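Overview (structure and organization)
Below, each chain spelled out in residue letters.
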Amino acid sequence: TEKYCPALLEKSKQRVIAEFGRLYEQQYAVALFNKVRFDVEGGGTLQPQLLHRKIPLENKAIFSGSLFQYLEENKKWRNHFLSIPDSHDVKYYDSKASHDRLLHPKGTISCAGYKVLTSMEQYLNLISNSLPGVKAKVGSSPFLKCATPYPLIMWHPYARHYYFCVTTEKEQKKWYMVLQDCVRHSNNGLSDEKKVQTPAFTNAVRLYRQAQGQYGTWEMMCGAPSQILSNLVMEGLLSELRDLISPRLKGKLHERQRNWILISDAVYSLVQAQCQTQYEAVLQKCEANRSSLEASIRTDVDQIITSKEHVTNKIRAVVLPKAEKLLKVSIQPYISSILEALLEPTSRGFFEVREVFFRELVDMSKNVLNEGTKEMVAQHMEKISMLAFHPVKMCSCYEKVMQLSLEGLDQRFDISSPSVFIQRVQILMREQMDNAVYTFEQILHQSLESQGGEDLCKTIQRCQDRVIKKFDYDSSTVRKCFFREALLQIFIPYILKQLNPCFELPRFEELIFEDFSHFILVENIFEEVVLQSVMKDIIMAVKEAAVQRRHNLYRDSIVLSNSDPNLHLLGDNPSIDWAGQYGGDQEEVDGAENDAEYNGEVESVTSRKKKRVKQVVSLIQTNGTAVLPSESCLEVPGVEDIPEEDGEGRKENGAGEENSENKPLCDQNGFASLKASTGKPEDDNEPEEQQKEEFQATESAGEGEESQAVAEEQPSSKQEESEVLLLPPAAAAQKESEIQETSVAHEVHLHECNDGDQHHRGVRPHIT
């Protein structure tokens with residue numbers, strides 16, 4: 001690496017960084033003009049019905065626990081403690097003690113661009129493709145052997161790979177969900193709040209790749225700007241590096257594979273360091289000129305707009321005939337089929353979000369019926385408040401979208417993988433879930449403060465009905481926006497690739513005044529003309545889909561911009577501290593007094609309380625579960641005891657259990673009637689005014705009295721057996737004894753419940 005890479009890196013820096021810097025400076029001025037023009041002219045955007053939480057994970061952590069990690073330094077497996085903060089970076093420590101003492105982590109994994117794998121076969125397939133002519137034979141031994149049959153591997157095309165393993169399949173699945181959520185969050189793209197820097201950067205990257213003949217979607221457009229720029233350099237550098245290094249790799253197959261991974265990581269680290277420095281220099285230069293550029297724009301904004309429209313008309317007259325011909329032959333026949341492929345899994349995913357949110361509220365209502373106190377409400381709201389960022393509870397929603405497939409279109413429209421669209425939908429689903437949860441907690445808190453603690457169940461239902469209706473409207477708006485963006489992302493690169501060689505764009509530059517040349521670029525105008533030509537067909541296709549009832553979309557003509565004006569006054573409120581206001585976690589704190597030992601010292605109850613509140617994926621220790629040593633990989637805190645799965649997490653106080661057929665509770669009583677009262681029109685021909693009146697009637701009804709029926713919930717016929725973990729012989733014997741005692745006690749409890757009064761059973765309200 002030291003011998004051959006410096007020359008290659010210098011060559012790539014001159015070729016990529018210099019060209020990118022030139023494009024970025026041009027696009028920065030254009031983006032600044034667009035922002036100023038938008039500020040002056042304004043733009044009409046639909047106001048969402050749900051509130052938006054500005055800082056969702058403030059003072060929160062996602063997950064933490066112990067597992068085995070393979071270390072390249074000594075080629076051994078070691079037990080490490082992993083912590084995932086609100087940034088979704090994975091930090092690993094030598095031990096839990098190092099984490100609790102706030103020491104620096106041994107390493108940090110920025111998950112952008114990674115893939116999480118759960119088998120060595122998947123991993124070997126990926127690394128076998130990294131070196132041409134070097135293929136692993138079937139049955140050949142890999143360069144590492146996992147300590148257990150349940151690996152978790154984080155693979156990156158350029159950066160270092162990370163290897164973990166756990167002791168059970170259940171742990172593997174839950175850690176996979178958590179790590180996958182970290183990758184999803186990191187791949188979300190650049191912040192939309194930076195109105196100038198973000199469009200300037202994305203346009204510069206796109207134009208650079210188009211100049212290299214790369215027009216399609218790009219999976220490595222993820223992470224921070226310096227990471228994306230590094231991926232851009234490595235995209236062209238990797239093939240040259242492979243041709244140079246591959247013949248010089250010696251040894252057995254697994255040794256060559258290992259050495260290639262180490263070389264690629266070393267080069268990528270050097271590239272990242274240089275890209276970070278170069279990008280900061282370019283950005284600083286643009287920011288220094290921003291004030292003068294903005295002054296010029298505001299002085300001549302009308303003249304710049306007029307000049308741009310003149311050039312646009314000239315380019316449109318030349319481009320539009322060929323563009324329309326291409327649209328008729330190569331685009332329009334495919335719009336409906338691609339839209340259908342996007343519609344089905346996306347709508348199923350959003351409907352699953354609705355159901356998960358609804359089930360959580362039904363569980364809370366049932367438990368409030370048994371113990372109708374604000375403390376009980378606060379306990380449930382502590383769990384629900386971070387529902388959107390609980391990767392295990394959201395897993396069923398994410399899995400619905402994984403069925404999205406664009407098979408057969410990858411070659412025609414240069415779509416490398418549907419993962420770009422899948423991850424975007426999953427992020428939108430998470431945002432809508434958090435908006436619904438945040439809106440519900442703000443409305444509920446306001447109702448509790450104004451009405452007191454009487455009729456808590458009825459108060460919860462009124463808030464629930466309002467939020468569900470708002471969620472239906474917002475999810476429809478978000479999905480339609482996604483469909484339009486996705487279709488543009490599929491079609492625009494293809495059209496540009498077909499039309500670019502047909503026109504000589506530089507000849508239009510003479511129509512632009514020199515003073516305005518920084519803010520008007522013919523390349524951008526050409527793309528705007530192409531976008532406008534295809535946009536009308538896409539909008540029409542989405543409108544036609546909205547009319548069909550099966551897609552559960554509102555018509556575009558139904559605009560409810562001010563249906564609940566008082567609600568948005570709560571939008572600036574911070575998240576509710578339910579535990580602090582109502583003592584919702586008192587039970588957990590009281591129970592912590594008996595088991596708060598750590599390294600021979602008693603940990604303070606206040607400290608433990610603080611940690612429990614901050615963890616999104618709660619670490620709840622159930623009765624009868626053996627407490628394993630914290631440094632053992634056999635104990636991944638919270639993995640066995642997270643109440644997030646059906647049949648596991650709804651057994652608190654004997655309420656909320658599923659029936660023996662594993663049917664969701666919300667499907668038995670009330671959910672169908674709720675969908676009828678808050679959902680979509682009964683048929684496609686229902687007048688639009690009637691839909692609007694129904695929506696507004698539901699909003700006003702949320703403030704009045706509602707009737708409520710109580711249905712009995714049949715207790716579950718059997719209880720899930722506790723899982724016996726792999727323990728030393730003495731501990732295993734003790735564990736089996738505890739399980740037998742727990743089973744006997746449970747049978748006595750069931751007998752008492754069956755002979756007792758009605759109030760010992762879990763009941764839930766009937767939603768009307």
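Numbering of residues starts from 1 in every chain and runs along the sequence as written. In keeping with the model being predicted, local features are shown solely for residues with a pLDDT of at least 70 and side-chain atom pairs are shown and tallied solely at 80 or more, while totals for entire chains, interfaces and linings include all residues. Water and hydrogen atoms play no part in the side-chain values, which are based on all heavy atoms of the structure.

Let me state the cut-off plainly: UniProt positions are given in the numbering used here, feature names are shortened, and annotations may be inferred rather than shown by experiment.
In the nomenclature of an unreviewed UniProt entry, the chain corresponds to Niban apoptosis regulator 2b from the organism Maylandia zebra. Checking UniProt for the chain, the heading Sequence similarities (unreviewed entry) contains the comment "Belongs to the Niban family."

**Quick notes on the overall build of the chain**
Defined as follows: In this text, helices come from DSSP runs of H or I with a minimum length of four residues, and strands from runs of E with a minimum of two, each type numbered from the N-terminal end. Only protein chains enter the area calculation, which uses a 1.4 Å probe; residues under 20% of their type maximum are buried, those over 50% are exposed, and those in between are partly exposed. Throughout, a residue-residue contact means that at least one pair of heavy atoms, one from each residue, lies within 4.5 Å. Only the protein chains shown count as cover for residues, and all accessible areas are computed by the Shrake-Rupley method using a 1.4 Å probe.
A tally of helices and strands in the chain yields 20 helices and eleven strands. Counting the 768 residues in the chain, one finds 49% classified as buried. Considering only intrachain contacts with a sequence separation of at least 6, the fraction spanning at least 24 residues in the chain is 79%. Accessible surface, the chain as shown: approximately 36600 Å² in total, 49% of it carbon and sulfur.

**A few points about the nonpolar core**
The condition that has to hold: Put simply, a nonpolar core is a bunch of buried Ala, Val, Leu, Ile, Met, Phe, Trp, Tyr and Cys residues held in one set by side-chain atoms that sit within 4.5 Å of each other. Either an automatic procedure or a domain database provided the assignment from which the domain bounds are taken.
Residues Tyr24, Met364, Phe440 and Leu444 are the most contacted members of the largest nonpolar core, which totals 165 residues. The dominant element in this core, judged by the number of residues it contributes, is helix H9 (residues 301–370), at 24 residues. Mapped onto the domain boundaries, this core takes at least three residues apiece from domain 1 (4–53 + 191–548) and domain 2 (60–188). Leave out the neighbours within four places in its chain, and Met364 touches Val377, His380, Met381, Ile384, Phe440, Leu444 and Ile460.

**What about the environment of Val478?**
Structurally, the position occupied by Val478 is in helix H13 (residues 456–499). Placed 46 residues apart in sequence, Val478 and Gln432 show a C-alpha to C-alpha distance of 8.7 Å. Contact partners of Val478, with chain neighbours within four places excluded, come to Phe350, Leu428 and Gln432.

**Observations concerning the pattern of salt bridges**
Put simply, the rule reads: Criterion for a salt bridge: a side-chain nitrogen of Lys or Arg within 4 Å of a carboxyl oxygen of Asp or Glu.
According to the stated counting rule, one finds 21 salt bridges in the structure shown. Across the pair Lys285 and Glu25 runs a salt bridge, and its minimum N-O distance is 3.3 Å. Residue Lys285 is found in helix H7 (residues 253–288), and its partner Glu25 is found in helix H1 (residues 5–41); the two are separated by 260 residues along the sequence. The exposure class assigned to Lys285 is partly exposed, which follows from its relative accessible area of 45%. The shortest N-O distance in the salt bridge between Lys106 and Asp94 comes to 3.9 Å. Pair noted here: Lys106 is in the loop between helix H2 (96–100) and strand S4 (107–109) and Asp94 is in the loop between strand S3 (90–93) and H2, with a separation of twelve residues, a long-range link. Take Lys106: its relative accessible area is 46%, and that puts it in the partly exposed class. With a relative accessible area of 46%, Asp94 lands in the partly exposed category. Through salt bridges with shared partners, one network takes in Arg53, Asp434 and Glu441.

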